[in-house]
Each structure stands twice: as C-alpha cells, then as structure tokens.
Amino acid sequence: MRRGVIDIGTNSVKLLIADLRGDEISPHLETSRQTRLGRGLYSGGKLQAEPIQATVAAVNELLALAKANDCSDTRIIATSAVRDSSNPAELLDALGQAVDVLSGDNEARLVFAGVMGCPRLAKSPTLVIDIGGGSTEFIVGDAGGMRFHLSLPLGSVRLMERHPAGDPPTADECAAVREATDTQLRAREVPELRRQIAAFGQAAPVQLVATGGVASILAMMELGIHDHDRERMEAVGLSVERVAAWRGRLWGLRLARRREITGLPANRADVALFGSLIVEQSMRQLGFDALRVSTRGIRFGVLCS
C-alpha cells in the first residue's frame, strides 16, 4: 500500500511517499520545498501573505507529484507555524484541502513513533530532540512509547527572525543567540525534563537522538556528502565537541562560503547558524556528551499511525 505525507513546517514543506508492508515503511520518494512560512510570524503573530502563497504553491506541487508517483492517499499535516499563528484560516482556506493542524502533544507522539521505528534505536531509553523552525520538541520514552515531552518556543527560524546576524556574523551576535537559547533551556518546565531523563537513566543509559533538518545537515556535513543517504546518516554519532566545531565553523564564515560546505544545502546556509547552536546548547544544558542522528520523525510517525 502506497501512502504519502505532506508536512507544512515553519521553514519548509516536505513530502514523504512510502510503501507500507505491515510495520515496514519503505520510502519511495522524499523531497521538500523551502517556503519560510514562519517569516514575519514572530514579530506580529500572523502568517504573512507571500509565505502563505509560496506554501500553497508548494503543497499543490507536492500533491501533484504524489499522484504522479501512484500515491492517491496523501495526508497533509501542519505544525508550529500554523498552530501558533493568529490567522491560520488564511492558509487553510487558500489550500482548500483537509489539513491536520497538530497539537504539541500529537506532534511529539508522532515524532517519537517515527524515530523509534528504527530497530537500532528502539532498544534503549531515549531522549529525542526534534529541532524545527519554530519550536524544539524534547521527548523522553522507550520501546513502550513516549513517556514525557516538552515543547519550547525555540526554533531556528524563530531565532533568526529575532536575532539577525551580519555577514559574517560577529562573536557578539553568536553570544546573543547562545544566551537566548540558554534562556529557553532554563525555562521553568525544564527541571521536570531533567527529572524524567534521570529517572529513565536509572535502568539504562539514556541515548540522545536528534532529528529534523538541522540533525540531517550535521550528519551530511560530518560525512561530507551531498545526497541524502539514510543508512550512512543514521550511523553517524556526533560528540558535543564535533557539534561545537561545526557551529564554530558556520559562525566563522560569510554566507557565500557557508553555501560551499558539502552537506549544507545552499538555501539552509543562513538558518543553519541558529540550528547548530540549539543542538550544541541542548547537549550542554542537559548533560549529553554525544548524540545519534535520525532521518525519520514526524512523517514516518504519521505513516506508522
């Protein structure tokens, strides 16, 4: 059975088409279109006309692509940007399609289900970090499912909108973004996240797994590859020192030079600055020395469900 998922995110619209055989998900096609739906959202709380138009065009293009690939059953979901905006109807009415705007709880459950669908990861207690454009989800669980989750308004596009960086970015600008990130990671809900991690760690060490676009970019840069290679990317382990080294390199280069880095898509060379800091500071603040990368996540979770 072939099914598809279109995921409307803060930074991009993504399509996954896969063949389902029992519990096995075999991807047939994965692609995305960057529309920056969250552009301008975090200053006024509203989705802006131009990103709405770009997103509608991207969804229609991906629906047509799904049909061309013999997929007539495609579910459309939307996450942080649509959920947090004061005018979601402007986008939803323009789409004219059924769209599931996920709650934070449902988003976390689907992300966790998608990541833990990988047998290599499902054996251990896990903290999944899903870094998006508008928010970051922290999800604790094991093979039995999600046990606790926390969503923070900490996303790469959100940070970029609120803390624009020069070209090249300066040390002071990096420090300001680091402090903004740490402020969120010191929020009043975070101690409960720490407690949950510690409780799970009594039985076996808790592994840290990062998913989302930033995690995939870090894996591809580490491997020095241009093309998405799930098997190789999911074998990557990154120490906090390696994450810090990549963050330092990104923040030390002009935009044009960042666009030349193998593994970093040119259209992500701006937002990668901010995502790399979210990953690094999350590791430092929560006490993890290393992470694994997952190329699965919410779209795989939707197909699992």
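Model, not experiment: these values are computed from the prediction.

Another point: helix α2 (residues 49-68). Look at α2: 29 Å from first C-alpha to last across 20 residues, which is about the 28 Å you get at 1.5 Å a residue. In the core, the buried residues of α2 are packed alongside β1 (2-8), β2 (12-21), β3 (24-34), β4 (74-78) and α4 (88-95). Just downstream of α2, Asp70 is the residue with a positive phi angle, here 60°.

On to empty space enclosed by the protein. Tallied over the full model, the rule gives 1 cavity of 30 Å³ or more. Ile129, Ile131, Leu208, Ala210, Val279, Ser282, Met283 and Leu291 are the residues that line the largest cavity. For the lining of the largest cavity, the element with the most residues is helix α13 (residues 272-286), which contributes 3 residues. Looking at the lining of the largest cavity residue by residue, the class counts come to 7 nonpolar, 1 polar and no charged.

Let's shift gears to the sheet that holds β1. Read from one edge to the other, the open sheet built from 5 strands follows the order β3-β2-β1-β4-β5, with strand pairing classed as mixed. If you trace the sheet from one side to the other, it starts and ends with β3 and β5 (100-101), each paired once. Pairing analysis gives 7 bridges linking β1 to β2, with the strands arranged antiparallel. Pairing of Ile8 across the sheet is with Val13, part of β2. Sitting on the sheet, α2 touches β1, β2, β3 and β4, and the angle it makes with β2 is about 20°.

On to the layout of surface pockets. One water molecule sets the probe size; rolling that probe over the atoms shows where empty space is left. Of the pockets and cavities examined, the largest pocket occupies roughly 1000 Å³. Every residue lining the largest pocket is counted, 46 residues in all, and those nearest its centre are Lys14, Gly212, Gly213, Arg268 and Arg299. When residues of the lining of the largest pocket are traced back to their parent elements, those giving at least two are β2, β3, β6 (126-131), α9 (213-223), α13 and α14 (298-304). Per element, the largest residue contribution to the lining of the largest pocket is 7 residues, and it comes from α9. The residue makeup of the lining of the largest pocket, split by class, is 12 nonpolar, 25 polar and 9 charged. Volume-wise, the second largest pocket comes out at about 250 Å³. Counting only elements with at least two residues in the lining of the second largest pocket, the list comes to β3 and α14.

Attention shifts here to the state of the cysteines. Within this structure, the stated rule accounts for 0 disulfides. Cys304 supplies the cysteine sulfur nearest to Cys118, a cysteine that is in no disulfide, at a spacing of 11 Å.

Contact geometry of α2 with α4 gives a least axis separation of 10 Å together with a crossing angle of 35°. Remark: the crossing between α2 and α4 carries right-handed chirality. Two secondary-structure elements touch here, α2 through Ile52, Thr55, Val56 and Val59 and α4 through Glu90, Leu91, Ala94 and Leu95. When its residues are assigned to classes, the contact of α2 with α4 shows 6 nonpolar, 1 polar and 1 charged.

What counts, and where the lines are drawn
- Residues numbered from 1 in each chain as written.
- Predicted model: local features only at pLDDT ≥ 70, side-chain atom pairs only at ≥ 80, totals over all residues.
- Heavy atoms only, no water.
- Helix = DSSP H or I, 4+ residues; strand = E, 2+ residues; numbered from the N terminus.
- Expected span 1.5 Å × (residues − 1).
- Contact = heavy atoms within 4.5 Å.
- 1 Å grid on protein atoms, 1.4 Å probe; cavity = no way out; pocket = protein on both sides within 12 Å on 5 of 7 lines; lining within 4 Å.
- Points joined across faces, edges and corners; volume = space filled by probe spheres on them.
- Nonpolar A, V, L, I, M, F, W, Y, C, P; charged D, E, K, R; others polar.
- Pairing = 2+ DSSP bridges.
- Axes fitted to C-alpha atoms, helices over the stretch in contact; angles between N-to-C directions.
- Disulfide = S-S within 2.5 Å.
- Left-handed = near helix turned anticlockwise from the far one by under 90°.

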